[in-house]
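# Fold and geometry: a report
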Amino acid sequence: GRTAMVTVGYDTETKGLAITNTTSEADRITFTNTYATEDETYIYVKKNLVGRSWQEGDDWTFTLTGSEGAPMPENVVIHATSLNTSEFRFGPIAYDQDDIGGNYTYTITESGTVKGVTNDGTLAKTATVTVAYDADTKGLAITNTTSEANRVVFTNTYEAEGETYIYVKKNLGGRSWQEGDDWPF
């Protein structure tokens with residue numbers, strides 16, 4: 001370590017403080033304080049399928065993009081399939097003191113087609129994250145428009161399609177068919 005000696009006294013001629021410093025300009029001691037804080041959040045998404053249950057082979061892809069300068073999670077693509085849950089999240093997304101004052105918009109897009117299923121009419125939806133300084137905690141205050149209870153929701157609808165034939169046979173007992181016989185179905 002380094003030592004500095006500062007003597008403070010009273011100067012009777014100037015009637016003020018007399019300060020004597022034993023360190024030279026070259027021996028100046030510098031104190032550097034560093035502030036660092038960080039926190040994280042997630043972008044929460046839900047996939048609804050109306051009209052039928054999830055089936056093997058169902059597969060939709062969700063992609064997350066951010067506004068310019070927005071911190072991003074490690075994985076920005078999630079596949080919602082019949083093998084996993086319909087609720088998922090992107091993240092964690094980490095923020096630090098450099099993000100204070102930031103207002104970040106994240107866009108979630110859905111792609112993929114499944115026979116008989118109409119995708120949500122809005123293929124791209126947004127979430128917003130705002131980062132501020134919390135003077136009480138001396139840390140970050142993150143406001144996120146999504147949460148586990150308030151997810152960005154994509155609702156796809158299944159409508160059966162196709163055709164079939166109904167075969168009918170009319171049996172007449174006790175007499176034979178006669179001209180003009182008519183039995184509508």
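See the structure above.
To start, this report covers the structure provided alongside it. (Residues numbered from 1 in each chain as written. Predicted model: local features only at pLDDT ≥ 70, side-chain atom pairs only at ≥ 80, totals over all residues. Heavy atoms only, no water.)

## Some words on the packing of aromatic side chains
All chains considered together, the criterion is met by six aromatic pairs. Measuring from centroid to centroid gives 5.5 Å for Trp54 and Trp60, while their planes differ by 85°, and the two rings are edge-to-face. For Trp54, a relative accessible area of 26% puts it in the partly exposed group. Taken together, a centroid distance of 5.0 Å and an interplanar angle of 50° make the contact between Phe62 and Phe88 tilted. Linking Phe62 in strand S4 (residues 59–66) with Phe88 in strand S6 (residues 87–96), this pair joins segments that are 26 residues apart in sequence. Accessibility classification places Phe62 together with Phe88 in one group, the buried group. One aromatic cluster is present, formed by Phe62, Phe88, Phe90 and Phe154 through successive ring pairs. For Arg89, the ring lying beneath its charged end belongs to Tyr42, and the centroid distance is 3.8 Å. (Phe/Tyr/Trp six-rings, centres within 6.5 Å; stacked < 30°, edge-to-face > 60°. Buried < 20%, exposed > 50% of the residue type's maximum accessible area, 1.4 Å probe, protein only. Helix = DSSP H or I, 4+ residues; strand = E, 2+ residues; numbered from the N terminus. Lys NZ or Arg CZ within 6 Å of the ring centre and 35° of its normal.)

## Section: the side chain of Thr146
Considering the arrangement of structural elements, one finds Thr146 in the loop between strand S10 (139–144) and strand S11 (152–158). Within the structure, the side chain of Thr146 is placed 3.2 Å from the backbone nitrogen of Tyr44, a separation counted as a polar contact. Apart from residues no more than four positions distant in its own chain, Thr146 is found in contact with Tyr42, Ile43, Tyr44, Ala127 and Val152. (Polar contact = N/O pair within 3.5 Å; in protein donor to acceptor, adjacent residues only side chain to side chain. Contact = heavy atoms within 4.5 Å.)

## Details of the sheet that holds S11
With respect to topology, four strands assemble into an open sheet ordered S6-S3-S11-S8, the strand pairing being mixed. Two strands lie at the open edges of the sheet, namely S6 and strand S8 (117–118), each paired on one side alone. Examined bridge by bridge, strand S3 (residues 38–50) and S11 share six bridges and lie parallel to one another. Each residue of the ladder has a partner; that of Lys47, found in S11, is Phe154. (Pairing = 2+ DSSP bridges.)

## Some words on a nonpolar patch on the surface
On the surface, Ile166, Val168, Trp177, Trp183 and Phe185 cluster together into a nonpolar patch covering about 660 Å² of accessible area. Along the chain, Trp177 falls in the segment after S11. (Patch = residues over 30% accessible without salt bridge, like charges linked within 9 Å, V, L, I, M, F, W, Y side chains within 5 Å. Areas by Shrake-Rupley, 256 points an atom, 1.4 Å probe, with all protein chains shown as cover. Salt bridge = Lys/Arg side-chain N within 4 Å of Asp/Glu carboxyl O.)

## Points about the pattern of salt bridges
What the rule picks out here adds up to five salt bridges. Between Lys47 and Glu110 there is a salt bridge; the shortest N-O distance is 2.3 Å. Highlighted residues: Lys47 in strand S3 and Glu110 in strand S7 (residues 103–111), separated in sequence by 63 residues. Given a relative accessible area of 1%, Lys47 falls into the buried group. Residue Glu110 is classed as buried on the basis of its relative accessible area of 5%. In this structure, Asp58 engages Arg52 in a salt bridge whose closest nitrogen and oxygen atoms are separated by 2.9 Å. For the residue pair Asp58 and Arg52, the accessibility class agrees, reading buried in each case. Among the charged side chains, a salt-bridge network with shared partners connects Lys46, Glu87 and Arg151.

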